[in-house]
Amino acid sequence: MSTALNSERSAILKQNRASRSERLLRAVRTPGGAVFVLLTGLLATIIVLNPSFGEPGSFIRFVGRTAPIAIAAIGQYFVIVAGEFDLSMGSVVTMQVIVAGNLIRQDDSKVIPVLVLMLVLGAFIGLVNGLITTLLKVPSFIVTLGMMLALLGLVLYWTGGAAQGNPADSFRQIGRGGIQDVPVLDIIPYPVIILTAAAVAGFVLMRRPYGRMLIAVGDNPSAAALAGSRVWWVRTRAFMMSSLSATVAGILLVGYAGVHPSVGRGYEFTAITAVVLGGVVLGGGRGWVLSAAAGAFALESLFTLLNFMGLQATWRDTVQGAIIIIAVAAASRSWQRKRKGASSAAHDEQHQLAAAPTPAEGTEQGGRV
Amino acid sequence: MKQRASFFQRLSSTQIVYLVALVTLILGVLLVNSIGRSFFSPGNISSILTGTSVLGFIAIGQTLVILAGSLDLSVPYVTSLASLIAAGVMANNPNNVLSGVLLTLGTAAVIGLANGLIVARLNVHGFIATLGVGLIISGFLATNFKGSFGETPLAFRLVGATGIGPVPISTIIMLACAGLAGLLLHRTRVGHHLYAVGGDIAVARTSGIRVDVPVITAHVICSVLAGMAGLLLASRLGVGSPTVGSQGGYDLLSIAAVVLGGTLLSGGKGTITGTLGGVLIFAMLDNIMSVMQVNPFLKDVVRGVVIVVAVAVYARRRIVSRPERFPAKGSVETPAAQPVPVEGP
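Computed from a predicted structure; not experimentally measured. (Residues numbered from 1 in each chain as written. Chains lettered and ligands numbered in written order. Predicted model: local features only at pLDDT ≥ 70, side-chain atom pairs only at ≥ 80, totals over all residues.)

Trainee: Can you walk me through the overall build of chain B in this structure?
Mentor: When you go through chain B residue by residue, the secondary structure sums to 15 helices and two strands. Within chain B, the fraction of its 345 residues that count as buried is 49%. Of all intrachain contacts in chain B linking residues separated by at least 6 positions in sequence, the fraction that spans at least 24 positions is 79%. (Helix = DSSP H or I, 4+ residues; strand = E, 2+ residues; numbered from the N terminus. Buried ≥ 20, exposed ≤ 12 C-beta atoms within 10 Å, placed from the backbone. Contact = placed C-beta atoms within 7 Å.)

Right under this line is the structure:
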């Protein structure tokens, strides 16, 4: 028993003390790391096919174009890693776009109040989703499905199903404008700045106690509850972040796409695809927030690549479908291989950082305090 | 209050579904009568039952898949594809009806087999596997078909148009399929295994069940039933359409109907009868709102609210469904250490 433990522990030790490059290599082999390799490969292929894509100016515009879906993917990540779904995301995007178009109109003075109203609305929808899921014990799939139908119905009822006027230009600038006259890049679009802020915030949040708790809740809610976490509140906040991120995506999309009831349709499935492509496991408890964002970029650059290759736009769906099946099948194979491995603990890359005990010399108890 | 709670607890979820359906029915009768029309006129009953058939086919299949612990989001695309194949092969020639039907159902079965193999063999979550397969078909449809396609012969169109009294033939076929699915679930080995796998796949595997078989079977049947729905739509419309399935939103609506029918979304618990009740509730709601001339966009709002409220009602009672293992008071923590529990005076 003790020898088995010791050998297991020494294997973990060896992993933790491995050189930085070795650890990086190992991280790349996880589903969450592989998406970065995929992304790099795709971008490289695009640049080979179309060298002008690699120019800083046009590349930063690509990042800006992808920002809304990447932000939505970051929001969806929080919900998925907590073991839930948010299908209402697309309807939230549509609702916010319509709200912006109908309330701001051409009045610059209304931009700030409506912006605040949209964020409050977004947080409120997330709160409702979360509370019904956690307190009334309705599966989130059903809750957010109901929310999706109800929100979309209300929005279309309100607008009569027709397109409305665009809001004031100062509002649209958030989505389409940027900081001009930057030396190398020419322009830094505001979406890029917002995306960077969202990614940094997500990254930091997942390293804070709340993020750890979120993953624990997604992995095993009853264990997390027994360990003293308020599961309902942890999950509800994840839903609120998801709706808020959909709100931000909506604000950016007003700048790009204008106001139309079809903006945001299917966004929930695209966001889920991006998250899953980033190696995040449906059912919760596994995955990295930046991998989810990278999944969105990989998806978008795949579409760009297909465009350059001259494939009809209608094949997009087919490619998207094939790619998620392949990605998830590959990811589940690699998780399985690890589970079945002879010394599973030593090979479980995702867990070694969090769960590896720090061995204390000469004791049987390891680093348990 | 307490008595009502216990009465509520004693009902099975299927009984609650039909209780909700009854409430909907009474509400419908009151509302429809209030504007001076009859809820029970043959025309209205026929229109409600017609409304059940397409969603019914898909929801029966979806029940099997959900019971096995998976999901099927590819059904609307299978339905569209089926309507296209049927209308395309038949091409307004009555001699081609049989081959059209067989080819359609065969294609649907192959898609279902692909779904099942991806879920069971490649260990891909049902949500992703069927979303992916659905997207693949959707891309194929969007690329190759721009509008309606083919034409179904009159003989085939009659299937969707006629009925015995107020009961449409399509509903009878749907109920027959429901009966067969019920037999499969309750009288065959695969059916019992389906419940076992959906309840806990690890326990099922260690109990010696080949866990792949029920999952694949459920997916194949689900796709074939979605193909039947496509055939029915082709017979009603007279043509095949590449968007007929996705416009109906059958993927999410069928899942909602199944869950409304008291089936657990996580699998392993539920009945076909309950699903039929869920479909009936949806059809009655739709009918009432059409008769009342509710704005079509508000219909979706009502649907969304009803789904969430109804499932919230079931979820409240479904939490404790088996007898307590330990007495509520007394030595709960260490029953073994205290062989003689000390009772109060």
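Trainee: Can you help me understand the overall build of chain A in this one?
Mentor: The secondary structure content of chain A amounts to 17 helices and two strands. Per-residue burial over chain A gives 45% buried out of 369 residues. Across chain A, the fraction of contacts at a sequence separation of at least 24, relative to all contacts at a separation of at least 6, is 77%.

Trainee: Just checking my understanding: could you explain unusual backbone geometry for this structure?
Mentor: Residues and elements named next belong to chain B. For Ala91, which is not glycine, the phi torsion reads 45° and is therefore positive. Mapped onto the fold, Ala91 is located in the loop between helix H4 (75-90) and helix H5 (97-120). Accessibility expressed as a C-beta count within 10 Å gives 13 for Ala91, which makes it partly exposed. Although it is not a glycine, Asn92 sits at a positive phi angle of roughly 60°.

Trainee: Honestly, the interface of chain B and chain A in this entry has me stumped. Any pointers?
Mentor: Think of interface size as the accessible area that goes away when the parts come together; that is how it is often given. Of the residues lining the interface, 38 residues belong to chain B; the matching set on chain A comes to 37 residues. Of all the secondary structure elements, the ones that give two or more residues to the side of chain B that touches chain A are helix H6 (126-144), helix H13 (250-260) and helix H15 (296-318) of chain B. Considering each element in turn, the side of chain B that touches chain A owes the most residues, 14 residues, to H6(B). Taken together, the residues of the side of chain B that touches chain A sort by class into 26 nonpolar, nine polar and three charged. (Nonpolar A, V, L, I, M, F, W, Y, C, P; charged D, E, K, R; others polar.)

Trainee: I would appreciate a short explanation of the packing of helix H4 (residues 56-81) of chain A against helix H14 (residues 289-308) of chain A in the present structure.
Mentor: In helix packing, the relevant descriptors are the interaxial angle and the interaxial distance, both defined with respect to the helix axes. All names here are of chain A. One way to put it is that H4 packs onto H14 with a least axis distance of 8 Å and a crossing angle of 140°. One finds that H4 runs oblique with respect to H14. H14 is crossed by H4, and the crossing has right-handed handedness. Counting all contacts with H4, which are made through Phe62, Thr66, Ile69, Ala70, Ala73, Ile74 and Tyr77, the residues of H14 involved are Val289, Ala292, Ala293, Gly295, Ala296, Phe297, Glu300 and Thr304. Its residues assigned to classes, the contact of H4 with H14 comprises eleven nonpolar, three polar and one charged. (Axes fitted to C-alpha atoms, helices over the stretch in contact; angles between N-to-C directions. Parallel < 35°, antiparallel > 145°, perpendicular 65-115°, else oblique. Left-handed = near helix turned anticlockwise from the far one by under 90°.)

Trainee: Would you explain the packing of H13(B) against helix H14 (residues 272-291) of chain B in this entry?
Mentor: Residues and elements named next belong to chain B. Closest axis-to-axis distance for the H13/H14 pair is 7 Å, and the angle between their directions is 120°. If you check the angle between H13 and H14, you find them oblique. Every pair of crossing elements has a handedness; the one defined by H13 and H14 is right-handed. Seen from H13, the contacting residues are Ala257, Val258 and Leu260; seen from H14, they are Thr275, Gly278, Val279, Ile281 and Phe282. Counted by class, the contact of H13 with H14 contains six nonpolar, two polar and no charged residues.

Trainee: Looking at this structure, how should I read the confidence of the model for chain B?
Mentor: The predicted structure's coordinates, where accompanied by low pLDDT, should not be read in detail. Residue and element names in this part refer to chain B. On average, chain B scores 85 in pLDDT, and the residues at 70 or more come to 89%. In the model, residues 330-345 has pLDDT below 50 throughout and makes five contacts with residues more than four positions away in sequence or in other chains. Across the whole predicted complex the pTM is 0.84, and at the interface the ipTM reaches 0.82. (pLDDT = per-residue confidence, 0-100.)

Trainee: Explain the environment of Val75(B) to me, please; I cannot follow it from the model alone.
Mentor: Residue and element names in this part refer to chain B. Position of Val75 relative to the elements: it lies in helix H4. Given 36 C-beta atoms within a 10 Å radius, Val75 is considered buried. Once the C-alpha coordinates of Val75 and Leu175 are considered, the two residues, 100 residues apart in sequence, prove to be 19 Å apart. Once you skip the residues sitting within four places of it in the chain, Val75 turns out to touch Ile58, Gln62, Cys222, Ala226, Tyr250, Asp251 and Ser254.

Trainee: Just checking my understanding: could you explain the pairing of strand E1 (residues 178-182) of chain A for this structure?
Mentor: Regular strands show a simple pattern: their side chains alternate between the two faces of the sheet. With zero of its five residues buried, E1(A) lies for the most part at the surface. In this antiparallel pair of consecutive strands, E1(A) and strand E2 (residues 186-189) of chain A, the connection spans three residues. (Pairing = 2+ DSSP bridges.)

Trainee: I'm lost on the nonpolar core in this one. Help?
Mentor: The nonpolar side chains of a soluble globular protein tend to be buried, and buried together. Within the largest apolar cluster, 196 residues are counted, with the highest numbers of intra-cluster contacts made by Ala73(A) and Leu225(B). Excluding anything up to four places from it in sequence, Leu225(B) contacts Phe57(B), Ile58(B), Ile60(B), Gly61(B) and Cys177(B). (Core = buried A, V, L, I, M, F, W, Y, C linked by C-beta atoms within 7 Å.)

Trainee: Sorry, what's going on with the pairing of E2(A) here?
Mentor: Here E1(A) pairs with E2(A) via four bridges, running antiparallel. Within E2(A), the position partnered with Gln180(A) by the bridge is Ile187(A).

Trainee: Which parts of the structure should I look at to understand helix H12 (residues 231-257) of chain A?
Mentor: An α-helical segment advances 3.6 residues per turn. Residues three or four places apart therefore align on the same side. All names here are of chain A. Spanning 27 residues, H12 covers 38 Å between terminal C-alpha atoms, matching the ideal 39 Å at 1.5 Å per step. With 22 of its 27 residues buried, H12 lies for the most part within the structure. Residue Gly258 follows H12 closely and has a positive phi angle near 80°. (Expected span 1.5 Å × (residues − 1).)

Trainee: Could you clarify how one ought to interpret the environment of Val291(B) in this entry?
Mentor: Residues and elements named next belong to chain B. Inspection of the secondary structure puts Val291 in helix H14. Residue classification places Val291 among the partly exposed positions, given that 17 C-beta atoms sit within 10 Å. When the C-alpha positions of Val291 and Leu232 are compared, they lie 24 Å apart, and in sequence the two are 59 residues distant. With near-sequence residues (within four places) excluded, Val291 lies in contact with Val32 and Arg37.

Trainee: Would you take a moment to explain the environment of Gly255(A) for this structure?
Mentor: Residue and element names in this part refer to chain A. Residue placement: Gly255 occurs in helix H12. Along the backbone, Gly255 and Asp169 are 86 residues apart, and their C-alpha atoms lie at a distance of 8.5 Å. Those residues within four positions of Gly255 in sequence are excluded, and the remaining contacts are Arg172, Gln173, Ile174, Gly175 and Arg176.

Trainee: Quick question: what am I supposed to make of the confidence of the model for chain A here?
Mentor: All names here are of chain A. Overall, the predicted model of chain A reaches an average pLDDT of 83, with 87% of residues at or above 70. When mean pLDDT is taken per element in chain A, helix H9 (residues 190-207) scores highest with 93 and helix H16 (residues 344-347) scores lowest with 47. Segment residues 365-369: pLDDT under 50, and nine contacts once partners within four positions in sequence are set aside and those in other chains are kept.

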